[in-house]
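Below, each chain spelled out in residue letters.
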Amino acid sequence: MDSSKPKRHKPPNNPPIVDQTPQNDPNNEGNENPIVDKTLVSNDDHNPDDRISNLPDPILCHILSQLPTRTAVATTVLSTKWKHLFASIPNLSLHIDDAVPNNDQPSPNFPNFMSHLLTVTLRDAGLREFVLHCNHDYGNARIDSWVSAVLGFDVTRLAIFFTAENTGVSTPSIFNSTTLVSLSWSQHFAVNVPGKVCLPNLKRLLLDFVRFPNGESFERVLDGCPVLEDLCCYSCAFEDIEILRICSGSLKLLMLNNCCPESEYEIEIDTPELELLLYDDDVATYYPVTNLKTLVKAHVDIGPSKKLVDEADVDELLHYDQNVAEFVGACCNVSFLYLSGTSVAGLSEDTGCFTRFQSGLANNVPACLSLHLRSIYFEGFNGEQDGMELVCYFLTYAQVLTKMEFSFCSSMPLEKQLSTWTKLLLLQSYSKNCKMDFPHEVKDDIVNFCDMDGSQKLTQEYVREHEMEIRRILDVVRRSSI
């Protein structure tokens, strides 16, 4: 139940990056762009004082790769020596942003810049990575031509981000590339998925705010990515759908975030090689097939939609509980599991998290809990009895448990923090191996509270009262599990 997320390793051998974009400089009339000191570089190919041009081409290419795009591109007019240097940068990584500093209006020169860059300047370039941020609407036909031109360079990494509404890529050519390994795609616009998708080398796909006309079009995308390993979907929309199928024999990482608003459809996850799941969304109406047998780590934060909270009857609440329990149960083989409060506690205010947790076990202690669970992290622990019962349950039946870590709810009064802290430390004495741990800020708050006004709160009588309550809670847990 550790809320920390897995670290992502930085990919090796990053290509040189040419950053920034063409911008209008208010202090530079005619949009001229100063490159370097004219005493060092001249447009005279035989100028003996042109010391920079006399450097070896690999060094010059490295220098250009560190310059802003506009500056690097402008060097092509210096002389014949420089004309093709920019395009000859090996494994070129090009990052372009149309934003103009201190100006919300689009640059009138940006479309011409993009056209000249892709059709003339980079004509023979070895482009490896292309990143484009567009904050304005330049017309989808023009954007399609840019993306098609980039794909013509056989890039391996493509990242395109469009923030304007109804602006983005509509060309089917983006679904037909034999060289793409990584595709990051953000747009508030529906995609046009062809009947056949061919992305044979794509391993990482990130979709952000992308709208699909139906579930079948999304399935065709996954079917056309036979070696896909990472799939990240943020706020994606499906206009005509009853079931979202995520079926992939190669997928190892799956991230779903806000893709099922108002619990509108079922979600089928059939990923026999999945190792990492990050799932933060409204709970689906049903999980017909959930193949997560190889899952190692899971971060699950699924809860009721606002509509369900406002309008649900008893039967709908029960159905919600069953959906959550079934999905969490499918993650039983993991070595790392994070469950949010809503994923555990459900909806009903009169039913505590321990009662709800135990009801899904059918009076059987799962082997993953009794034989494999080694550490638990409770985030925002509130110290209520149902939470203490859940702690007692884990202490009683998790045979190899060695660590329980707690952070307290930020709104918990200091007096209750002291009471909860005392109970948890007393519980520790009922376990041979498990240690209770708290963040430094919790310990400091309790120490300061105990020292306040010289009061002695941790008296023997205070501890004895809490120990009697702990014994009552343990007795409740043991009797309810018989």
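S.K.: Which parts of the structure should I look at to understand the overall build of the chain?
M.R.: Helix and strand content of the chain: 15 helices and 19 strands. For the chain, buried positions account for 46% of its 482 residues. The contacts in the chain between residues at least 6 apart in sequence include a share of 63% that link residues at least 24 apart. Here the chain has roughly 24,500 Å² of accessible surface; of this, 49% comes from carbon and sulfur atoms.

S.K.: Sorry if this is basic, but what is going on with the side chain of T167 here?
M.R.: Positionally, T167 belongs in the loop between β4 (157-165) and β5 (182-188). For T167, the residues in contact, after removing those within four places along its chain, are H136, D137, N140, I143, F162, Q187, H188 and F189.

S.K.: Just to check I follow, could you spell out the sheet that holds strand β10 (residues 243-247) for this structure?
M.R.: Strand pairing within a sheet occurs via backbone hydrogen bonds; the two strands may be parallel or antiparallel. The strand order across the open sheet formed by three strands is β10-β12-β14, and the pairing between neighbours is parallel. Sheet topology places β10 and β14 (290-291) at the edges, where each strand pairs with a single neighbour. As paired elements, strand β12 (residues 266-270) and β14 share two bridges and run parallel to each other. What sits directly across from I269, in β14, is T290.

S.K.: Before we go on, may I ask you to explain the packing of helix α4 (residues 110-121) against helix α5 (residues 140-151) in this structure?
M.R.: Between α4 and α5, the least distance of the axes is 10 Å, while the angle of their chain directions is 25°. It follows from the interaxial angle that α4 and α5 lie roughly parallel. As α4 runs across α5, the sense of the crossing is left-handed. Contact residues: α4 offers F110, P111, M114, S115 and L118, while α5 offers R142, W146, A149 and V150. Here the residues of the contact of α4 with α5 sort into seven nonpolar, one polar and one charged.

S.K.: Sorry, what's going on with unusual backbone geometry here?
M.R.: For residues besides glycine, phi is generally negative; the peptide bonds are generally trans as well. Phi at N166 is positive, roughly 60°, even though this residue is not glycine. Position of N166 relative to the elements: it lies in the loop between β4 and β5. One non-glycine residue, S235, lies in positive phi territory at about 50°.

S.K.: When you look at the pattern of salt bridges in this model, what are you seeing that I'm missing?
M.R.: Where charged atoms from two side chains of opposite charge come close, those side chains can pair. Taken as a whole and judged by the stated rule, the model has seven salt bridges. Sharing partners across several salt bridges, the network here consists of E165, R211 and E239.

S.K.: Explanation requested: the packing of helix α13 (residues 414-428) against helix α14 (residues 440-451) in the structure shown.
M.R.: Relative placement of two packed helices is described by the angle separating their axes and the distance separating the axes. Interhelical geometry of α13 versus α14 gives an angle of 110° and a closest axis separation of 10 Å. Here α13 is positioned roughly perpendicular relative to α14, judged by the angle of their axes. Crossing geometry of α13 relative to α14 is assigned as left-handed. Here L414, E415, Q417, L418 and W421 of α13 come into contact with α14, specifically with D445, I446, F449 and C450. Tallied by class, the residues present in the contact of α13 with α14 amount to six nonpolar, one polar and two charged.

S.K.: Looking at this structure, I do not really get the sheet that holds strand β17 (residues 375-381). What am I missing?
M.R.: Here three strands make up an open sheet; going across it, the order is β17-β18-β19 and the pairing parallel. Because the sheet does not close on itself, it has two edges, and the strands there are β17 and β19 (435-437). Mean inter-strand twist for the sheet, computed between neighbouring axes without regard to direction, equals 20°. Inspection of the sheet shows β17 paired to strand β18 (residues 403-408) by five bridges, in the parallel sense.

S.K.: Would you mind going over the packing of aromatic side chains with me for this structure?
M.R.: The geometry of two aromatic rings is summed up by the distance between their centres and the angle between their planes. One pass over the structure, following the stated rule, counts 20 aromatic pairs. Arranged with centres 5.6 Å apart and planes meeting at 50°, the rings of F175 and W185 form a pair that is tilted. Residue F175 is found in the loop between β4 and β5, and its partner W185 is found in strand β5; the two are separated by ten residues along the sequence. Note on W185: relative accessible area 2%, which makes it buried. Between F378 and F406, the aromatic rings sit 5.1 Å apart at their centres with planes inclined by 5°, giving stacked as the arrangement. Of this pair, F378 sits in strand β17 while F406 sits in strand β18, and the two are 28 residues apart along the sequence.

S.K.: Before we go on, may I ask you to explain the side chain of H136 in this structure?
M.R.: Checked against the element boundaries, H136 lands in the loop between β3 (127-134) and α5. Setting aside anything within four residues of it in sequence, one finds H136 in contact with D98, D104, Q105, P106, A164 and T167.

S.K.: Even after reading the chapter, I still don't get helix α6 (residues 215-223), so can you show me in this structure?
M.R.: Those residues of α6 lying buried are G215, S217, F218, E219, V221 and L222. In this fold, the buried residues of α6 make contact with β6 (204-208), β7 (211-214), β8 (230-234), β9 (237-240) and β10. A distance of 3.3 Å separates the backbone nitrogen of E216 from a side-chain oxygen at the start of α6, and that oxygen is part of N214.

What counts and what doesn't
Here, residues in each chain are numbered from 1, in the same order as that chain's written sequence. Residue-level local features of this predicted model are given only where pLDDT is at least 70; pairs of side-chain atoms are given and counted only at 80 or more, and the full residue set underlies all totals for whole chains, interfaces and linings. Here the side-chain values reflect all heavy atoms present in the structure, with hydrogen atoms and water set aside. In this description a helix means any DSSP run of H or I spanning at least four residues, a strand means any run of E spanning at least two, and both kinds are numbered starting from the N terminus. When a residue's accessible area, from a 1.4 Å probe over protein chains only, is under 20% of the maximum for its type it is buried; when over 50% it is exposed; and in between it is partly exposed. Whether two residues touch is decided by their heavy atoms; if any such pair falls within 4.5 Å, the residues are in contact. Working definition of accessibility: Shrake-Rupley area with a 1.4 Å probe, residue cover restricted to the visible protein chains. Here, any two strands with at least 2 DSSP bridges between them count as paired. Note on geometry: axes are C-alpha line fits, over the in-contact stretch for helices, and angles between N-to-C directions span 0 to 180 degrees. We call two directions roughly parallel when the angle between them is under 35 degrees, roughly antiparallel when it is over 145, roughly perpendicular when it lies between 65 and 115, and oblique otherwise. By convention the crossing between two helices is left-handed if the near helix lies anticlockwise of the far one by an angle smaller than a right angle, and right-handed if it lies clockwise. Residues are grouped as follows: nonpolar covers Ala, Val, Leu, Ile, Met, Phe, Trp, Tyr, Cys and Pro; charged covers Asp, Glu, Lys and Arg; every other residue, Gly included, is treated as polar. Salt bridge criterion: a side-chain nitrogen from Lys or Arg within 4 Å of a carboxyl oxygen from Asp or Glu. Pairing of aromatic side chains requires ring centres within 6.5 Å, counting the rings of Phe and Tyr and the six-membered ring of Trp. Pairs whose planes differ by under 30 degrees are stacked, by over 60 edge-to-face, and all others tilted. Whenever two N or O atoms come within 3.5 Å, that pair is a polar contact, provided that in protein one can donate a hydrogen and the other can accept it, and provided that, for residues adjacent in sequence, both atoms are side-chain atoms.

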